[in-house]
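# Structural overview for review
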Number of protein chains: 2
Amino acid sequence: MTARARFRLRIYHDAMVAIGPGKVDLLEAIAQTGSISAAARAMGMSYRRAWLLVEELNQALAQPAVMTATGGAHGGGARLTGTGEEIIRRYRVIEDAAMQAAADDLAVLTGMLKSEDG
Amino acid sequence: MTARARFRLRIYHDAMVAIGPGKVDLLEAIAQTGSISAAARAMGMSYRRAWLLVEELNQALAQPAVMTATGGAHGGGARLTGTGEEIIRRYRVIEDAAMQAAADDLAVLTGMLKSEDG
């Protein structure tokens, strides 16, 4: 049986998802690739979609998570701020803590699933 | 600021979501209303959709979560089995445990959001 569990944490700001799994994955991709367009490609989403997610996130935060350089010698590049790095780190810590806290009950729930060998 | 965080736990069985937030909410509605059709109405979903979710869940489990009585004096009624009740209970325990384990880091993340008073 290939059961697996996943927590998805979303932090809402009024009705909007301010911080969620898509935005955190995107931040990681920007950190790895150095640009929004390369991050979008790596995630299989449009540049427009990635740009909008970054805008939404930056607007929801007191300090921006991503800085972009639209002009100059390195035009088009993007990098995370300390805030952006902190969001990734805390989000992953939360996911791990949630999984560990839930481990015993999760094992019971997945044990209630039909076995493929059965 | 009205920030709030929500964990959504999904347990996958191969590629399918075997147990997730929609199915657990539906189990609770069936327990409260005593039928799939009334539960569907209470959740604003079609009877067909609710019925398919129940079928999917029952198929994924070693023991069914919902018993239906399609004939007889109480035709159309549905009730949870012990398995169904256990799924709800464990799922809510897991959500609470995850929230408690994550509380400190969550407070930091929500504190990074823009204040509406700012």
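Cut-offs and rules
- Residues numbered from 1 in each chain as written.
- Chains lettered and ligands numbered in written order.
- Predicted model: local features only at pLDDT ≥ 70, side-chain atom pairs only at ≥ 80, totals over all residues.
- Heavy atoms only, no water.
- Helix = DSSP H or I, 4+ residues; strand = E, 2+ residues; numbered from the N terminus.
- Buried < 20%, exposed > 50% of the residue type's maximum accessible area, 1.4 Å probe, protein only.
- Polar contact = N/O pair within 3.5 Å; in protein donor to acceptor, adjacent residues only side chain to side chain.
- Contact = heavy atoms within 4.5 Å.

Residue and element names in this part refer to chain B. In this fold, threonine 81 is placed in the loop between β4 (77-80) and α4 (82-111). Given a relative accessible area of 13%, threonine 81 falls into the buried group. Within the structure, the side chain of threonine 81 is placed 3.2 Å from the backbone nitrogen of threonine 83, a separation counted as a polar contact. Among residues more than four places away in sequence, those in contact with threonine 81 are Pro64, Ala65, Val66 and Met67.

Turning to the side chain of asparagine 58 of chain A, a few remarks are in order. Residue and element names in this part refer to chain A. Looking at the element boundaries, asparagine 58 is found in helix α3 (residues 47-60). Residue classification places asparagine 58 among the buried positions, given a relative accessible area of 15%. Ignoring sequence-local partners within four residues, the contact set of asparagine 58 consists of Pro64, Ala65 and Val66.

Let us now look at the environment of leucine 53 of chain B. Residue and element names in this part refer to chain B. As for its placement among the helices and strands, leucine 53 is situated in helix α3 (residues 47-60). What makes leucine 53 buried here is its relative accessible area of 8%. A sequence separation of 31 residues divides leucine 53 from glycine 22, and the C-alpha atoms of the two residues are 8.5 Å apart. Among residues more than four places away in sequence, those in contact with leucine 53 are Lys23, Leu26 and Met45.

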